Amino acid sequence: MIGQYNLYHFENNFFDNPKNCGGLRIYQLGEMLCRPTTVVSPHQQPCYELTYVLSGRGKTITNGVECELYPGDCAINFPGDTHSIVSDPEAPLRYAFCGFMVNDEDPVCSGLVKELHRLFEGTSERILHMKEENNVFYEIFVEINSGNFMAAELITATLSRFLILLIRSKRQKSKSFYLPQIKNEAMLTYQIQRYLYHHACEIRKLTDLEQIFSYNYHYITKCFKKIAGETLGDYHTKCRMNTACKMLSEGISVTQISEALRYSSIHVFTRSFKNYFGMTPSEYRSRLKQSVAAVRDDPKGDTPHESQPV
């Protein structure tokens, strides 16, 4: 039982009479805003289920394998899986979920789930980062009971698109980032820098670079330090901090930034930011606003302005 532990729990439950949407049958559709103490008890999946994290942090345990969840992550469960969800006490989860089965006679939808099985066969982690796909579930919410013209077909099209993007993401992740294996140390270091710069919000742990670049992690760190003159960890921190500054300038909350950059808590993020820049994220945002105001009040640029940290 989970309802009594949640701040908000919206669910369309169609297990007794699944919504036939052509290529797909929808069994459940909903959204949950957890309390710090929320635990979704272990249960066996009667259908496929997608769980998309809208905000907060937590973890999912599927068939005994525990994986962390962050905003933009999508957890995939197959029929027969046993899984549970635990919300983080400091940053409670908010997530959307959709349970479905495919109509076997539909070649597109049946092909998509077959490909999901093929890609995840033998893997213990079924989580992919799907940035900025929040609207997918909202669009299905709108259509599910609307009675709108071709609502069922639109639901199947929307969910099929999302499954296609999941499959593409998994295929790309399963390949080495650059093939064939890079032999030149300077080029390898450059490609690692480029990858970390563009994936600051996505990489879960630096040891994942082993699979991406097909090199032993110890060799990667040694090569990086030799060529770049700084440690891999230091460069990763630099990328995260620069991304944090960009997000602060865009008005994104400190809590959301700490979640997006996969810090264990807002306190850890704030401490890391202050150690790096000598000021808290809130102080940085305040200085940035002052700088913008000064430029607005002095359009000729006669007033010297303090440069932003980089």
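Nothing here was measured: the structure is a model prediction, and the numbers come from that model.

About the criteria used
- Residues numbered from 1 in each chain as written.
- Predicted model: local features only at pLDDT ≥ 70, side-chain atom pairs only at ≥ 80, totals over all residues.
- Heavy atoms only, no water.
- Helix = DSSP H or I, 4+ residues; strand = E, 2+ residues; numbered from the N terminus.
- Contact = heavy atoms within 4.5 Å.
- Areas by Shrake-Rupley, 256 points an atom, 1.4 Å probe, with all protein chains shown as cover.
- Salt bridge = Lys/Arg side-chain N within 4 Å of Asp/Glu carboxyl O.
- Buried < 20%, exposed > 50% of the residue type's maximum accessible area, 1.4 Å probe, protein only.
- Pairing = 2+ DSSP bridges.
- Axes fitted to C-alpha atoms, helices over the stretch in contact; angles between N-to-C directions.
- Left-handed = near helix turned anticlockwise from the far one by under 90°.
- Nonpolar A, V, L, I, M, F, W, Y, C, P; charged D, E, K, R; others polar.

Here we come to the overall build of the chain. Along the backbone of the chain there are 10 helices and 11 strands. Within the chain, residue pairs in contact and separated by at least 24 positions form 70% of the contacts whose partners lie at least 6 positions apart. Accessible area of the chain: about 16,300 Å², with a carbon and sulfur share of 51%.

Moving on to the pattern of salt bridges. Opposite charge on two side chains permits them to pair, given that their charged atoms come into close proximity. Counted according to the given criterion, the structure contains 12 salt bridges. Lysine 226 is paired through a salt bridge with glutamate 185; the nearest N and O atoms lie 3.0 Å apart. Of this pair, lysine 226 sits in helix H6 (residues 217-228) while glutamate 185 sits in helix H4 (residues 185-198), and the two are 41 residues apart along the sequence. Residue classification places lysine 226 among the exposed positions, given a relative accessible area of 60%. For glutamate 230, the salt bridge identified is with lysine 238, shortest N-O distance 3.3 Å. Relative accessible area serves as the criterion here: at 19%, glutamate 230 is assigned to the buried category. Under the relative-accessibility criterion, lysine 238 is labelled partly exposed at 28%. The structure contains a network of salt bridges with shared partners spanning Glu115, Arg118 and Arg171.

Moving on to the environment of aspartate 104. Assignment of secondary structure puts aspartate 104 in the loop between strand S10 (94-102) and helix H1 (107-120). For the pair aspartate 104 and leucine 24, spaced 80 residues apart in the sequence, the C-alpha separation amounts to 9.1 Å.

A word on the sheet that holds strand S4 (residues 39-44). Pairing is antiparallel in the open sheet, where four strands are placed in the order S4-S9-S6-S7. The open sheet terminates on both sides in strands that have one partner only, identified here as S4 and strand S7 (65-69). Between one strand axis and the next, the sheet turns through 15 degrees on average, direction left out of account. Here S4 pairs with strand S9 (residues 82-87) via four bridges, running antiparallel. Bridge assignment links valine 39 to a residue of S9, and that residue is valine 86.

Take tyrosine 217: it is sitting in helix H6. What makes tyrosine 217 partly exposed here is its relative accessible area of 23%. Spatially, the C-alpha atoms of tyrosine 217 and leucine 206 are 8.3 Å apart, while their sequence positions differ by 11 residues. Beyond its immediate chain neighbours, meaning those up to four positions away, tyrosine 217 contacts Leu206, Thr207, Glu210 and Leu232.

A few words now on the packing of H4 against helix H7 (residues 232-249). The interhelical angle for the contact between H4 and H7, taken along N-to-C directions, is 35 degrees, at an axis separation of 9 Å. Like other packed secondary-structure pairs, H4 and H7 cross with a definite hand, here right-handed. Of the residues in H7, those in contact with Ile192, Gln193, Leu196 and Tyr197 of H4 are Leu232, Tyr235, His236 and Cys239. A class-by-class count of the residues in the contact of H4 with H7 yields six nonpolar, two polar and no charged.

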